[in-house]
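The chain contents come next:
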Amino acid sequence: MKKIGSILSALALLVFLLLGSSAFAQKKTEQINIEPPFWWIGMQNTELQLMVHEKNIGETRVQLKAEGVKLERVSAVENPNYLFLDLSVSESAKAGFFEISFLKSGKVIHTVNYELKVRKQGSALRQGFTSADAIYLLMPDRFANGDPANDNIPGMLENADRKNPDGRHGGDLEGIIQHLDYFNELGVTALWLNPVLENNMPANSYHGYAITDFYQVDPRLGGNEKYLELVEKAHKKDLKIIMDMVFNHYGTAHKWTNDLPMSDWVNQWPEFTRSNYRGGTLTDPYAAAADQDKMLRGWFDVTMADLNQRNPFVANYLIQNSIWWIEYADLNGIRMDTYPYSFKEFMQEWMQRIRTEYPDFSVVGEVWLNSGPMVAYWHDQKHNFDGFNSHLNYVMDFPLKSAISRAFNEANGWSSGVNALYESLSMDFVYGDPNTIMNFLDNHDMDRIATTLGEDIKKQKMAATFLLTVRGVPQLYYGNELGTPGVEHKGHGQMRNDFAGGWPSDSKNAFTAEGRTADENELWSHFRTLLHYRKNTPALQNGRMTHYIPEDGVYVYFRYNEDQTIMIILNNNSEEKTIKTARFAENLKGFDHGTDLLHRTWFEQLDEISIPAMDSRVIELKQNK
Ligand code: CA
């Protein structure tokens, strides 16, 4: 009987394969697009909104049956090709697939299997980046080509062309994986990659900011699986991963463009209208409403459709998307592009929902504004005049970046030279905890610091000393450590140079000391020394800071906690200076000798200290013998 039974079931299987499978499989495997593509059990927020995209799906009735999952609401919208399903997913829901059926005239016309996953242990309590980290920003297309096979993907709109500064150069996630030891060697602890999601645009999207699929890593970078591999391997090497996200806009080659769920999915104008890029209008007490409107609803570029986050479906889509990536890819942080360009009430809700799920997660917003009060408005610890709190836990210090660009080029005056640094920092009262501010010398959108500082190694070393010893979270841009030049006005591609040695055909390999020039090695070693020192020096990571009015172009500040005091001296003069230290008594009290990390110099006394021309000292103070 057993044998007959197995023959029968084999026959049944054969019949199924021959006859039933095509119709059955067709129904089962229909590529109905549902986003998010799967979700998790045990989130704080048990609500989940699914966006279903399929021809005329809006004309169907929806059924689902799954333990612990309830279909709360079905929303048909303007475009019948979309349907939004609001589910509640309780703790008692079972991991695995459940069926969602779509019926027309009482007949099931589509059946989709939707998956609920179990969360990784400790997922909610993941640690974001902090001021104890040092972040390395790199552009994946321009860092290293670890897999030339993915340079061109059939069906995608743009192929690699390394000769075109604004084209795709073939760099990818595999290239980053192959160089993880490089980051450890240099001493950075977190990687911020410019956006990795699909940018299937006809041209000029190697940078990643014109997303055409919010749930797919660009196949030319290696796809989703490769991204997971990168995160896992980076974590094993104690490197955190920060994902660059864009909520303000998407690339117009996105399938939404010709099939908008609703006409107000994007901000529409009678004719193309560009943003005025004036984030300051949003906090300006005298701003005209028309200017604020243009700032928020104007498009960032012709190829970047401006999302309307006041539409609750758009808002939910974006918020769930970011949570999906944190959970799916095990992220440590997010860098949010064009932060003030999205409606602030939405951004506030987003941060609240992220921090409800992940209380220790870190998000830094690109608040590209040129004065401290303007930036601080968007920082979560700021008590604002209008009561607004963004809940954004990190902002970028663009004003300090401007000061850095000036400081080492200018003659030292009342507010020029190193006084520019002093003055910029003196305005930190506008922030809450200044250690939640990100510092940088440059990034992918501006002249490279080497160019700004005339490719002068001494100046770049001073800037590096400042970056890695001042309060806040330091961020390097790839190539800072080599003195790589790059000018913005020649086109953005010029500041996003290929890292020498990242391509198999490169004649130079800057990943190794042998491949670097003497100047490059000098700067590289300077970064490395400071980064590794910072890694083991809590006073630099999150200690307090006291600085003194610069005198004669010499700027002195201290970073300290109960156990450690570090004295930093920047000599912004083309000659050696010797300073008397009596006026620093409040910080020097109890110390009478120390070691300078940068010159490996031992100071037997601290009454007078000399600093070479255009140079810095980082002195760890030692207590009286
Ligand atoms: Ca490649």
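Remember, it's a predicted structure, so these values are computed and weren't measured experimentally.

1. As for the environment of A132
Item 1. As for its placement among the helices and strands, A132 is situated in the loop between β8 (107-118) and β9 (135-138).
Item 2. Linking A132 and L540, residues 408 residues apart in sequence, is a C-alpha distance of 8.1 Å.
Item 3. Ignoring any residue separated from it by four or fewer positions in sequence, one finds A132 in contact with R534 and Q541.

2. Description of the sheet that holds β8
Item 1. Across the sheet, which stays open at both edges, the four strands sit in the order β2-β8-β7-β4 with mixed pairing between neighbours. Single-partner strands in this sheet number two, and they are β2 (38-41) and β4 (61-64). Along the sheet, successive strands turn relative to each other by an average axial angle of 35 degrees, direction set aside.
Item 2. Taken together, the four bridges between β4 and strand β7 (residues 96-104) define a ladder with antiparallel strand orientation. Looking at the pairing, L64 lines up with I100 of β7.

3. Describing empty space enclosed by the protein
Item 1. Applying the stated criterion across every chain yields a total of seven cavities of 30 Å³ or more.
Item 2. If you add up the space inside the largest cavity, you get close to 60 Å³.
Item 3. If you go around the largest cavity, you meet 14 residues; those closest to its centre are R168, P195, Y206, G208 and L221.
Item 4. The residue makeup of the lining of the largest cavity, split by class, is six nonpolar, five polar and three charged.
Item 5. Size it by volume and the second largest cavity reaches roughly 50 Å³.
Item 6. Lining the second largest cavity are W39, M43, N45, E47, Q320, I323, R353 and E357.
Item 7. Taken together, the elements giving at least two residues each to the lining of the second largest cavity come down to α7 (312-329) and α8 (344-357).
Item 8. Residues that form the lining of the second largest cavity fall into these classes: three nonpolar, two polar and three charged.

4. Overview of the packing of helix α5 (residues 223-236) against α7
Item 1. Where α5 meets α7, the closest approach of the two axes is 10 Å, and the angle between their N-to-C directions is 60 degrees. Here α7 runs oblique to α5, going by the angle between their axes. Residues N224, E225, Y227, L228 and V231 of α5 lie in contact with α7, whose contacting residues are W324, W325, Y328 and A329.
Item 2. Of the residues in the contact of α5 with α7, the class split is seven nonpolar, one polar and one charged.

Cut-offs applied
Residues numbered from 1 in each chain as written. Predicted model: local features only at pLDDT ≥ 70, side-chain atom pairs only at ≥ 80, totals over all residues. Heavy atoms only, no water. Helix = DSSP H or I, 4+ residues; strand = E, 2+ residues; numbered from the N terminus. Contact = heavy atoms within 4.5 Å. Pairing = 2+ DSSP bridges. Axes fitted to C-alpha atoms, helices over the stretch in contact; angles between N-to-C directions. 1 Å grid on protein atoms, 1.4 Å probe; cavity = no way out; pocket = protein on both sides within 12 Å on 5 of 7 lines; lining within 4 Å. Points joined across faces, edges and corners; volume = space filled by probe spheres on them. Nonpolar A, V, L, I, M, F, W, Y, C, P; charged D, E, K, R; others polar. Parallel < 35°, antiparallel > 145°, perpendicular 65-115°, else oblique.

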